[in-house]
Amino acid sequence: MLVLGIDPAPAKESVVFDGREFHSFFPKELKAYIQSHQEPLFISWDAPLSAALDDAYFSLTIRPIERFFNRLGRHAKEFGIPEGITTLGFSGCPHWTLSQYIFALPQLNDELQHKSGFELVMEHQTNLQNNKKYITEIHPALSMWMFLKEKLDNEVLFQNSWKYKGDRKKETLERRERLSAEMIFLAEEIFNLNDIVIRSDDELDAFVCWIMGKLYVMGNQRAYIYGSQKVGSFLLPYEKEVLETFTEYLQ
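A. The arrangement of the overall build of the chain in detail. The secondary structure content of the chain amounts to nine helices and eight strands. Against the 2.2 N^0.38 benchmark of 18 Å for 251 residues, the chain shows a C-alpha radius of gyration of 17 Å, consistent with a compact globule. With respect to the principal axes defined by its C-alpha atoms, the chain has extents near 55 × 45 × 35 Å. By the burial criterion, 53% of the 251 residues in the chain qualify as buried. Expressed as a percentage of contacts within the chain between residues at least 6 apart in sequence, the contacts between residues at least 24 apart total 63%. Accessible surface, the chain as shown: approximately 12,500 Å² in total, 47% of it carbon and sulfur. Positive and negative charge centroids in the chain, built from 27 and 36 side chains respectively, lie 2 Å apart.

In structure tokens:
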């Protein structure tokens, strides 16, 4: 099964990592590229793919998964999610328009919307079929923090912020370079990848999307889908304490 990590952007080029190299596409090109793949596919997509439509959580602005991981929320503060790791409500993320354009997701009204042929994975499962096309939502910045916080939190560069994109400040660029090096090292160690060069924050996000998707397809216990169709979902590194606290939060 081919895994694609995609950092989508509606107003500029989206970045795709396919396990070997990076590709850049404007929206129509990205749609054609995805549709050109006839083989089984697993897409890790860095943009909202669902809404909160269940009566208990109904909202057209924010899902419980986003409330929980928002760094200004109580639980996120307890976990120490730092500045630079931003979790916005889905309606405030403009790149969901590209999700709609290519996949007709989020699915807000079954009577009015067509389905794309991709199965949206929103709950953890271990029985992916090798003849299907899947897509799941991921949060690359949160994933990197969960993977690397024990290693980097005490470094001066990361003590006040984990911001690695959004400006050209020296500290921001240095964080991006360090995070890129760490994620490349992780991928080399797990997947035996070679000669990966990350040149932008978009490429870094797409690369992390691919790592998480590849781990999940392999059935690696480091990757876990938190959430459900009712509350929204993110593919993230597995942490027992985070999962237990999130489960309690929903009760």
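B. Representation of empty space enclosed by the protein within the structure. Going through the model one piece at a time under the given rule, you end up with one cavity of 30 Å³ or more. In this structure, the largest cavity occupies an estimated 30 Å³ of space. Forming the boundary of the largest cavity are Phe69, Phe79, Ile81, Leu142, Trp145, Met146, Lys149, Glu239 and Val242. If one sorts the elements of the lining of the largest cavity by residue count, helix 5 (residues 140-152) sits on top with four residues.

C. Seen up close, the pairing of strand 1 (residues 2-7). Burial analysis of strand 1 places five of its six residues in the buried class, the great majority of the element. Sheet analysis places strand 1 next to strand 4 (residues 41-45), joined by five bridges and oriented parallel. Bridging across to strand 4, Leu4 finds its partner in Ile43. As judged from the three bridges shared by strand 1 and strand 2 (residues 14-17), these two strands associate in the antiparallel manner. Of the residues in strand 2, the one forming a bridge with Gly5 is Phe17. The turn linking strand 1 back onto strand 2 is made up of six residues.

D. The pattern of salt bridges, seen in detail. Scanning the model with the defined rule gives 14 salt bridges in all. Taking the shortest distance from any N to any O, the salt bridge between Asp18 and Arg20 comes out at 3.9 Å. Its relative accessible area of 11% is what places Asp18 among the buried residues. On the accessibility criterion, Arg20 (68% relative accessible area) is exposed. Taking the shortest distance from any N to any O, the salt bridge between Arg63 and Glu66 comes out at 2.6 Å.

E. Quick look at the layout of surface pockets. Its volume calculated, the largest pocket comes out at about 700 Å³. Looking at the largest pocket, it is lined by 31 residues, and the ones nearest its centre are Asp46, Thr86, His95, Lys165 and Asp205. Contributions of two or more residues to the lining of the largest pocket are made by helix 5 and helix 8 (201-218). When residues in the lining of the largest pocket are grouped by element, the largest group, three residues, is from helix 8. Residues of the lining of the largest pocket, tallied by class, amount to 14 nonpolar, six polar and eleven charged. Within this model, the second largest pocket holds a volume of roughly 510 Å³.

F. Broad picture of a nonpolar patch on the surface. A contiguous nonpolar surface patch, about 370 Å² in accessible area, is contributed by Leu53, Phe58, Leu60 and Leu108. Note that Leu108 resides in the loop between helix 4 (96-103) and strand 5 (119-120). Overall, Leu108 belongs to the partly exposed group, its relative accessible area being 39%.

G. Expanded view of the environment of Gln38. Structurally, Gln38 is set in the loop between helix 1 (27-35) and strand 4. Taking the C-alpha atoms as reference points, Gln38 and Ala223, separated by 185 residues in sequence, lie 26 Å from one another. At a separation of 3.1 Å, a polar atom in the side chain of Gln38 contacts the main-chain carbonyl oxygen of Gln35.

H. Expanded view of helix 9 (residues 240-250). The set of residues buried in helix 9 consists of Val242, Leu243, Thr245 and Phe246. Take helix 9 and look down its axis: the buried residues cluster within an arc of 165°, on one side only. Facing away from the buried side of helix 9 by more than 90 degrees, the exposed set consists of Lys240, Glu241 and Glu248. Along its buried surface, helix 9 packs onto helix 2 (64-69), helix 3 (74-79), helix 5 and strand 7 (223-228).

Conventions used here
Residues numbered from 1 in each chain as written. Predicted model: local features only at pLDDT ≥ 70, side-chain atom pairs only at ≥ 80, totals over all residues. Heavy atoms only, no water. Helix = DSSP H or I, 4+ residues; strand = E, 2+ residues; numbered from the N terminus. Rg over C-alpha atoms; globule rule 2.2 N^0.38 Å. Buried < 20%, exposed > 50% of the residue type's maximum accessible area, 1.4 Å probe, protein only. Contact = heavy atoms within 4.5 Å. Areas by Shrake-Rupley, 256 points an atom, 1.4 Å probe, with all protein chains shown as cover. Lys, Arg positive; Asp, Glu negative; His and termini not counted. Charge placed at Lys NZ, Arg CZ, Asp CG, Glu CD. 1 Å grid on protein atoms, 1.4 Å probe; cavity = no way out; pocket = protein on both sides within 12 Å on 5 of 7 lines; lining within 4 Å. Points joined across faces, edges and corners; volume = space filled by probe spheres on them. Pairing = 2+ DSSP bridges. Salt bridge = Lys/Arg side-chain N within 4 Å of Asp/Glu carboxyl O. Nonpolar A, V, L, I, M, F, W, Y, C, P; charged D, E, K, R; others polar. Patch = residues over 30% accessible without salt bridge, like charges linked within 9 Å, V, L, I, M, F, W, Y side chains within 5 Å. Polar contact = N/O pair within 3.5 Å; in protein donor to acceptor, adjacent residues only side chain to side chain. Arc of directions from axis to C-beta.

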